[in-house]
Amino acid sequence: MSEETKSALDIARDEAQEKATAVNKSRTGIGTRQVVGATRGKNPQIITYEQWDDSQPDTLPKTIEAFVEHTKIEAPTLLNFAIRGQNDALYEAASDPLAEFVVPSWPAEVQSTFRQAVRNYARGLQMTLDEAVGTIRPGFVKKFGE
């Protein structure tokens, strides 16, 4: 996309991303990194904020104690985070239409591949997820176990 066809929001996002990338290059060790996002609502504004980068495991604390030491978060706030985080994880698991077909002992990458394969197969052949699972799951079970 040329600069002429970019919106003001896209230009602001690109500029903010360049700055965040430069800041993050200077950071090492455990800690948050700058990310670029947008406010919610009708007229979004580009924002830069701190967030844990789970794509870089070396930047994440390895224990609750290390997390608390780094963030200085008090116990009531930490408990609130834990409850909200688990609620989100429980909802995500419960609302996943393929959860009942995924074998928990499969490695995370295999589980993700299974979900993608079923969704793509169902969409491509215009069938239900249950029909696609009936075709695909036996191969995964044979390869990775029940």
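One can find the structure itself at the top, above this paragraph.
Enquirer: Honestly, the overall build of the protein in this entry has me stumped. Any pointers?
Expert: Check the secondary structure of the protein and you find five helices and two strands. Start at the N end of the protein and walk to the C end: the helices and strands fall as α-β-β-α-α-α-α. Counting only C-alpha atoms, the protein reaches 50 × 50 × 30 Å along its principal axes. Every one of the 146 residues in the protein was classed for burial, and the buried ones make up 21%. Of the contacts made within the protein by residues no fewer than 6 positions apart, 29% connect residues no fewer than 24 positions apart. For the protein, the accessible area works out to roughly 10800 Å², and carbon and sulfur atoms hold 54% of it.

Enquirer: How do you make sense of the nonpolar core when you look at a structure like this?
Expert: As a rule of thumb, soluble globular proteins bury nonpolar side chains together. Counting residues in each nonpolar core, the largest one holds 14 residues, and the members touching the most others are Trp106, Phe114, Val118, Val133 and Phe140. Those elements that provide at least two residues to this core are α4 (108-125) and α5 (129-144). Ranked by residues supplied to this core, first place goes to α5 with five residues. Ignoring anything within four residues of it in the chain, the contact list for Trp106 reads Phe101, Gln111, Phe114, Phe140, Val141, Phe144 and Gly145.

Enquirer: Help me understand the packing of aromatic side chains, please; the structure alone is not making it clear to me.
Expert: Remark: the centre distance and the inter-plane angle together describe each pair of aromatic rings, the angle taken between the planes. Summed over all chains, the structure comprises five aromatic pairs. For the pair Trp52 and Phe67, a centre-to-centre distance of 5.8 Å together with 40° between the ring planes defines the contact as tilted. Linking Trp52 in the loop between β2 (46-51) and α2 (64-71) with Phe67 in helix α2, this pair joins segments that are 15 residues apart in sequence. Since its relative accessible area comes to 19%, Phe67 is described here as buried. Seen in terms of ring centroids, Phe140 and Phe144 are 6.0 Å apart; in terms of plane orientation they differ by 40°. Their pairing is tilted. Here Phe140 pairs with Phe144, and both are found in helix α5, just four residues apart, close to one helical turn. A relative accessible area of 13% places Phe140 in the buried class.

Enquirer: Where do I start with unusual backbone geometry in this structure?
Expert: Trans is the prevailing form of peptide bonds, just as negative phi is the prevailing case for residues other than glycine. At Lys72, a position not held by glycine, the phi torsion is positive, near 60°. As for its position among the elements, Lys72 is in the loop between α2 and α3 (75-95). Despite not being glycine, Gln126 has its phi angle at roughly 50°, a positive value. With respect to the helices and strands, Gln126 occurs in the loop between α4 and α5.

Enquirer: Even after reading the chapter, I still don't get the side chain of Gln111, so can you show me in this structure?
Expert: Among the secondary structure elements, Gln111 is positioned in helix α4. There is a polar contact of 3.5 Å between the side chain of Gln111 and the backbone oxygen of Val103. With near-sequence residues (within four places) excluded, Gln111 lies in contact with Val102, Val103, Pro104 and Trp106.

Each value, and the rule that gives it
- Residues numbered from 1 in each chain as written.
- Predicted model: local features only at pLDDT ≥ 70, side-chain atom pairs only at ≥ 80, totals over all residues.
- Heavy atoms only, no water.
- Helix = DSSP H or I, 4+ residues; strand = E, 2+ residues; numbered from the N terminus.
- Buried < 20%, exposed > 50% of the residue type's maximum accessible area, 1.4 Å probe, protein only.
- Contact = heavy atoms within 4.5 Å.
- Areas by Shrake-Rupley, 256 points an atom, 1.4 Å probe, with all protein chains shown as cover.
- Core = buried A, V, L, I, M, F, W, Y, C linked by side-chain atoms within 4.5 Å.
- Phe/Tyr/Trp six-rings, centres within 6.5 Å; stacked < 30°, edge-to-face > 60°.
- Polar contact = N/O pair within 3.5 Å; in protein donor to acceptor, adjacent residues only side chain to side chain.

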